[in-house]
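Close look at the chain arrangement
The primary structure of each chain is shown beneath.
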Amino acid sequence: MAKTIQTVLVVGAGQMGNGIAQVVATAGLEVILNDISFDYAQKGYENIDKNLSRQVSKGRITEEDKAAILSRIQLSDDIADGRDADMAIEAATENLDIKLDIFRKLDHTLKEGAILASNTSSLPITEIAAVTSRPELVIGMHFMNPVPVMQLVEVIRGLATDEEVYQTVVDLAKQLSKHPVEVQDFPGFVSNRVLMPMINEAIYCVYEGVSSPQDIDAVMKMGMNHPMGPLTLADFIGLDTCLSIMEVLYEGFGDSKYRPCPLLRKYVKAGWLGKKTGRGFYVYE
């Protein structure tokens, strides 16, 4: 039987975290939006406010709906604020050491029986679960970016994940108006195991002078009916994130087909990370 989730602690108020907090609060649940500083949490809250204002202007929700959603979000700079939460969803940087540290803290702080989920896009759930005293309550819940818009959630079982926990997270995803898919704990899961090598190959095409970024994107948009070209998408995701996922795939499978393109490494070292830094394969204002 699935557990009842009423309060969710979201750890990390960045792009993914504030999106998760928004959809959880919109579904009528209480949210504690946590980050390492109150300023970061406040920035995440302001982003949610802006997104909801856009929904109001489009007539999708009312001002009253917006106020009700925001009233369900509490800001926090201390993980202990979530001690009574039924579940935590970690949405920190895609770095294993950072995530392991957060999961140790969550395990130590959250009440007995609380579910610990990670929004990791590629890292092993089993390894994350192993640093806790409750591996059966640890699971992957990988949302897509932007969270309020994209419907998919990959639900990833670790080696020890309990069936009841899996069912609870599937039910929660549906409550958030998302489409959950079951995925086993392999590097990159399904989404990034398929997507990232395509992006990496597009970068190789630039690196080898096969074509320009604009034309490579045009081929995939007009020829393959993709809504966005792979290089535009890479800039949107962040080239540093793309590189770290490719490294997880390369290390996890030991297969040269996952070797990150040298040009991707060069751009990341140059600080050309895509849209967030104003420059990647394209230049942004």
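Rules and cut-offs
- Residues numbered from 1 in each chain as written.
- Predicted model: local features only at pLDDT ≥ 70, side-chain atom pairs only at ≥ 80, totals over all residues.
- Heavy atoms only, no water.
- Helix = DSSP H or I, 4+ residues; strand = E, 2+ residues; numbered from the N terminus.
- Polar contact = N/O pair within 3.5 Å; in protein donor to acceptor, adjacent residues only side chain to side chain.
- Contact = heavy atoms within 4.5 Å.
- Buried < 20%, exposed > 50% of the residue type's maximum accessible area, 1.4 Å probe, protein only.
- UniProt positions renumbered as here; feature names shortened; annotations may be inferred.
- Pairing = 2+ DSSP bridges.
- Axes fitted to C-alpha atoms, helices over the stretch in contact; angles between N-to-C directions.
- Parallel < 35°, antiparallel > 145°, perpendicular 65-115°, else oblique.
- Nonpolar A, V, L, I, M, F, W, Y, C, P; charged D, E, K, R; others polar.

**Looking at the side chain of Asn 200**
- Its place among the elements puts Asn 200 in helix H7 (residues 191-207).
- Side-chain polar atoms of Asn 200 contact the backbone oxygen of Arg 259, separated by 2.8 Å.
- Ignoring anything within four residues of it in the chain, the contact list for Asn 200 reads Met 246, Arg 259, Pro 260, Cys 261 and Leu 264.

**Things to note about helix H9 (residues 230-237)**
- Of all the positions in H9, only Pro 230, Leu 231, Leu 233, Ala 234 and Asp 235 are classed as buried.
- At its buried positions, H9 is contacted by H7, helix H8 (213-224) and helix H10 (239-253).
- Residue Gly 238 follows H9 closely and has a positive phi angle near 110 degrees.

**Some points on the UniProt feature "domain: 3-hydroxyacyl-CoA dehydrogenase C-terminal" (unreviewed entry) in the chain**
- According to UniProt, the "domain: 3-hydroxyacyl-CoA dehydrogenase C-terminal" (unreviewed entry) feature falls on residues 188-284.
- Across residues 188-284, the secondary structure splits into 63% helix and 0% strand, with the terminal C-alpha atoms separated by 28 Å.

**A look at the sheet that holds strand E1 (residues 7-11)**
- Taken together, the 8 strands give an open sheet; going across it, the order is E3-E2-E1-E4-E5-E6-E7-E8, and neighbouring strands pair in mixed fashion. In this open sheet, the two edge strands, each paired with only one partner strand, are strand E3 (73-76) and strand E8 (179-184). Ignoring which end each strand starts from, the neighbouring axes of this sheet average 25 degrees apart.
- Pairing analysis gives 4 bridges linking E1 to strand E4 (residues 87-90), with the strands arranged parallel. From the neighbouring strand, Val 10 faces E4, where its bridge partner is Ile 89.
- The strands that helix H1 (residues 15-26) touches are E1, strand E2 (30-34), E3, E4 and strand E6 (138-143); relative to E2, the one it contacts most, it runs at about 170 degrees.

**Focus on the UniProt feature "domain: 3-hydroxyacyl-CoA dehydrogenase NAD binding" (unreviewed entry) in the chain**
- As recorded in UniProt, the feature "domain: 3-hydroxyacyl-CoA dehydrogenase NAD binding" (unreviewed entry) lies at residues 7-185.
- The span residues 7-185 is 41% helical and 22% strand by assignment, and the distance between its end C-alpha atoms comes to 26 Å.

**Examining the packing of H8 against H9**
- Where H8 contacts H9, the axes come no closer than 7 Å and their chain directions differ by 105 degrees. Relative to H9, the element H8 is oriented roughly perpendicular. For the pair formed by H8 and H9, the contact residues are Pro 213, Ile 216, Asp 217 and Met 220 on the first element and Pro 230, Leu 231 and Thr 232 on the second.
- Tallied by class, residues from the contact of H8 with H9 come to 5 nonpolar, 1 polar and 1 charged.

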